[in-house]
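What follows is each chain in one-letter form.
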Amino acid sequence: MATPLTADRLVAALKAEGCAVHEVGGWRTNNRNHKGPWGPVHGVIIHHTVTGPGTDVVELIYHGHSALPGPLATGCITKDGVVHLTGNGRANHAGGGDGDVLNAVIRESYGTYPPATHEHDGSAGSVDGNARFYGWECENKGDGKDPWPEVQYVAMVKATAAVCRAHGWGPKSTIGHLEWSDWKVDPRGFDMADFRRDVADALARPAGRWKGEDPMPQYVNLGVARQYQLAPGAWDSIEFTSEWADETGDHASGGSVFARGPARFGGSLGLHIDGLPAGAVVQARMSEYEGDQLRADHPIHEVVGTGGGSFAVVPLTKRLASGRSMRVRLLNQSAAPVTVASAVLTVLVWKET
């Protein structure tokens, strides 16, 4: 529980953390305090804006729109890494959420993720998040494919760490909107557990010292030398038999592992499936292993058949703990075998210690 920061204290905290700050004209008095309480505050919620090129995203977050008046967040963090302050007080960003999640955030008592949310704005058991959380709206289409530039992601971590440091909070005072409301999906494109680990790294250093990733990642480019048959009904790891580049040295010849922890990686897998009936599906997912033991599966992506050649690009982004390795597995959900005509993996890997 904490009294909200004054405008001056918020600006000072952000600048001390190394953020590029733009004070939008009038932000210090732009709020929804006349509609309900502001504070005590307990944490920070991360959002994506669902906007693309041509949108004046800062203007949108400051003023809102006909269905939802602004401010829509404490600030808007644009792709160039600037923190645009848009509101000082209650903002229309969180809406209703789960009281169990709020209690876990207050106590910072949860594990990797807060408890699953079962509430949303207007549901019978929801609690008012606009009174209790700062909000960062972060410029992104929100389709899971729009990239998060490093300069923007670093700014998001630093801005969040600035608020947490000013209040004496730890990284578990930070949640994604999807962890607060069961009908929200933001932010998409990175994992909140990874984000919290980066906030923890920033808080472990003096203010302004966290710089983000090593600017020199290692390059991994793998594929399959020959097409092969994928039988229906069982998850099957892709065996990468072509190796054009493996600067990390983590891929054994003919093996399915493409990265080993501790590391962070980002990239994609291009798939070409032949013989997949129209409307039928081949699923793809990343899977974490310790040795040969499956430890964790990640979200599923789908290749939907077109009746001829079917194509998809699967995003590959994750952080791997020490002792873990990552593979890509496929599941043919059609009734007959299909052909994996091509699978090309391209990732950048940042090795960690």
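A brief report on the enclosed structure follows. Values in this document were obtained by computation on a predicted structure and should not be read as measured data.

## Let's talk about the pattern of salt bridges
1) Next: All chains considered together, the criterion is met by 18 salt bridges.
2) Next: Notably, a salt bridge pairs D198 with R319, separated by 3.0 Å at the nearest N-O pair. With D198 in helix α6 (residues 192-204) and R319 in strand β20 (residues 309-320), the pair connects residues that are 121 residues apart, well separated along the chain.
3) Next: D198 gets classed as buried once you look at its relative accessible area, which sits at 2%.
4) Next: With relative accessibility at 10%, the residue R319 sits in the buried group.
5) Next: Residues E288 and R324 are paired through a salt bridge, measuring 2.9 Å at the closest nitrogen-oxygen approach. Taken together, the residues span a long stretch of sequence, with E288 in strand β17 (residues 281-290) and R324 in the loop between β20 and β21 (325-332) at a distance of 36 residues.
6) Next: Overall, the relative accessible area of 22% leaves R324 in the partly exposed class.

## Quick look at the packing of helix α1 (residues 7-16) against helix α4 (residues 150-167)
1) Next: Contact geometry for α1 and α4: axes closest at 8 Å, N-to-C directions at 120 degrees. The angle between α1 and α4 falls in the class oblique. Crossing angle aside, the handedness with which α1 passes α4 is right-handed. Listed contacts from α4 to R9, L10, A13 and L14 of α1 are A159, A162, V163 and A166.
2) Next: Here the residues of the contact of α1 with α4 are counted per class, giving seven nonpolar, no polar and one charged.

## Some details on the side chain of D246
1) Next: The residue D246 is located in strand β14 (residues 242-246) in this model.
2) Next: Buried and unpaired, D246 has R260 as its nearest opposite-charge partner, separated by 8.1 Å.
3) Next: Separated by 3.4 Å, the side chain of D246 and the backbone nitrogen of D250 make a polar contact.
4) Next: In terms of polar contacts, D246 uses its side chain to reach the backbone amide nitrogen of H251, at 3.0 Å.
5) Next: In this structure D246 touches Y219, V220 and H251, once residues within four positions along its chain are discounted.

## Describing the side chain of R329
1) Next: Assignment of secondary structure puts R329 in strand β21.
2) Next: For R329, the side chain forms a polar contact with the side chain of S287, separated by 3.0 Å.
3) Next: With residues up to four places along the chain from it excluded, the contact list for R329 reads W235, D236, S237, Q283, A284, R285, S287, Y289, L294 and D297.

Reading the values: rules and limits
- Residues numbered from 1 in each chain as written.
- Predicted model: local features only at pLDDT ≥ 70, side-chain atom pairs only at ≥ 80, totals over all residues.
- Heavy atoms only, no water.
- Salt bridge = Lys/Arg side-chain N within 4 Å of Asp/Glu carboxyl O.
- Helix = DSSP H or I, 4+ residues; strand = E, 2+ residues; numbered from the N terminus.
- Buried < 20%, exposed > 50% of the residue type's maximum accessible area, 1.4 Å probe, protein only.
- Axes fitted to C-alpha atoms, helices over the stretch in contact; angles between N-to-C directions.
- Parallel < 35°, antiparallel > 145°, perpendicular 65-115°, else oblique.
- Left-handed = near helix turned anticlockwise from the far one by under 90°.
- Contact = heavy atoms within 4.5 Å.
- Nonpolar A, V, L, I, M, F, W, Y, C, P; charged D, E, K, R; others polar.
- Lys, Arg positive; Asp, Glu negative; His and termini not counted.
- Polar contact = N/O pair within 3.5 Å; in protein donor to acceptor, adjacent residues only side chain to side chain.

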